[in-house]
Amino acid sequence: MFKQLYDKVLNWSRHRHAEKYLAGLSFAESSFFPVPPDVMLAPMVLAEPDKAIRLALLTTIASVFGGMLGYSIGYFLFDSIAPWLQESRYWDKYLTAESWFKEWGVWAVFVAGFSPIPYKVFTIAAGVLQMAFIPFVLASAIGRGARFFLVSILISAGGEKLESGLRKYMDWIGWAVVVLVALGIVIYQYV
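Starting from 1, residues in each chain are numbered consecutively following that chain's sequence as written. It should be noted that, the model being predicted, local features are given only for residues of pLDDT at least 70 and side-chain atom pairs only at 80 or more, the latter also being counted only at that level, while totals for whole chains, interfaces and linings use all residues. With hydrogens and water stripped out, all remaining heavy atoms of the structure feed into the side-chain values.

Draft legend 1. Inspection of the overall build of the chain at higher detail. Across its full length, the chain holds eight helices and zero strands. A helix here means a DSSP run of H or I that spans at least four residues, while a strand means a run of E at least two residues long, and both kinds are numbered starting from the N terminus. Going residue by residue from the N terminus, the α and β elements of the chain occur as α-α-α-α-α-α-α-α. When the 191 residues of the chain are sorted by exposure, 46% land in the buried category. Sequence-distant contacts in the chain: of pairs separated by 6 or more residues, those separated by 24 or more amount to 76%. Using a 1.4 Å probe, the Shrake-Rupley method yields the accessible areas, and only the shown protein chains count as cover for residues. As displayed, the chain offers around 10,400 Å² of accessible surface, 66% of which is attributable to carbon and sulfur atoms. Partly exposed describes any residue whose relative accessible area lies between the buried limit of under 20% and the exposed limit of over 50%, with all areas from a 1.4 Å probe on protein chains only and scaled to the type maximum. We call two residues in contact when some of their heavy atoms are within 4.5 Å.

Draft legend 2. Broad picture of the packing of helix 4 (residues 52-87) against helix 7 (residues 119-128). Geometry is summarised by axes, namely lines fitted to C-alpha atoms with helices restricted to the contacting stretch, and by angles between N-to-C directions that run from 0 to 180 degrees. Contact geometry for helix 4 and helix 7: axes closest at 7 Å, N-to-C directions at 55°. Compared by their axis directions, helix 4 and helix 7 come out oblique. Crossing geometry of helix 4 relative to helix 7 is assigned as right-handed. On helix 7, the residues that touch Ser-63, Gly-67, Gly-70, Tyr-71, Ile-73, Gly-74, Tyr-75, Phe-78 and Ile-81 of helix 4 are Tyr-119, Thr-123, Ile-124, Ala-126, Gly-127 and Val-128. Roughly parallel refers to an angle under 35 degrees, roughly antiparallel to one over 145, roughly perpendicular to one between 65 and 115, and oblique to any angle outside these ranges. Each crossing gets its handedness from the near helix: less than a right angle anticlockwise from the far helix is left-handed, clockwise is right-handed.

Draft legend 3. Structural view of unusual backbone geometry. The phi dihedral of Gln-130 is positive, around 55°, even though this residue is not glycine. You can see Gln-130 is positioned in the loop between helix 7 and helix 8 (133-190).

Draft legend 4. Representation of the packing of aromatic side chains. Side-chain rings of Phe, Tyr and Trp, where Trp is taken by its six-membered ring, are said to pair if the distance between their centres is within 6.5 Å; with planes under 30 degrees apart they count as stacked, over 60 as edge-to-face, and otherwise as tilted. The tally for this structure, following the rule as stated, stands at eleven aromatic pairs. Note on Tyr-71 and Phe-133: the rings are 5.1 Å apart at their centroids and 70° apart in plane angle, and the pair reads as edge-to-face. One end of the pair, Tyr-71, is in helix 4; the other, Phe-133, is in helix 8, and 62 residues separate them in sequence. Looking at Tyr-71, the relative accessible area reads 7%, which means it is buried.

Draft legend 5. Expanded view of a nonpolar patch on the surface. What makes a patch is a set of residues exposed beyond 30% relative accessible area and free of salt bridges, joined within 9 Å when like-charged and within 5 Å when nonpolar (Val, Leu, Ile, Met, Phe, Trp, Tyr). Only one rule defines a salt bridge in this text: a Lys or Arg side-chain nitrogen within 4 Å of an Asp or Glu carboxyl oxygen. Judged by side-chain polarity, Phe-27, Phe-32, Leu-57, Ile-61, Phe-65 and Leu-69 come together as a nonpolar surface patch covering roughly 550 Å² of accessible area. Top contributing element to the nonpolar patch by residue count: helix 4, with four residues. Its location among the elements puts Phe-27 in helix 2 (residues 18-29). The class for Phe-27 is partly exposed, based on a relative accessible area of 32%.

Draft legend 6. Examining the pattern of salt bridges more closely. Taken as a whole and judged by the stated rule, the model has six salt bridges. Residue Lys-51 pairs with Glu-19 through a salt bridge whose shortest N-O separation is 3.4 Å. Of the two residues, Lys-51 sits in the loop between helix 3 (38-47) and helix 4 while Glu-19 sits in helix 2, which places them 32 residues apart along the sequence. In this structure Glu-19 comes out as partly exposed when scored by relative accessible area, which is 21%. A salt bridge links Glu-19 to Arg-54, with the shortest nitrogen-to-oxygen separation between them at 2.7 Å. Of this pair, Glu-19 sits in helix 2 while Arg-54 is found in helix 4, placing the two residues 35 residues apart along the sequence. Linked through salt bridges whose partners overlap, the residues forming this network are Glu-19, Glu-48, Lys-51 and Arg-54.

See the structure below:
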């Protein structure tokens, strides 16, 4: 199932309405869709490097709006979706998100926005836990923006060779950033 979705998203990146698809994918991925927008963003930037900043901005804005939908789902509809979530592969991730919020607050949204951790789980958890909305939106914009601008700028500068290397090591890079941010928070709290 995921392979077919992945292939479909790659095909969308070559379509004449690719920017609309990218915005839709970015919005949907932040609240319910399993394929990250990087899969579409990278080949679009590779094809048109001069649009890297524009595409990163589009992806960020749509993702933050999708995150607001995820927040709303958690805030207003969690009781309705909880049974499904408990049966899904996201339940453990949701519990992790919940514990991160209790421990780190708004920093959890920033880390989830930048890392390969499913951001949608954090948007829903933020709503369930009734996190302050404005800090949620700001952390989402900074975390998601950092991720998508980094991908766009690196792909436009490095071309096809960098895109294939980035794809190969994306999980490692993402987790390294998570560890660095977590270390930074720990150092900040204890120093």
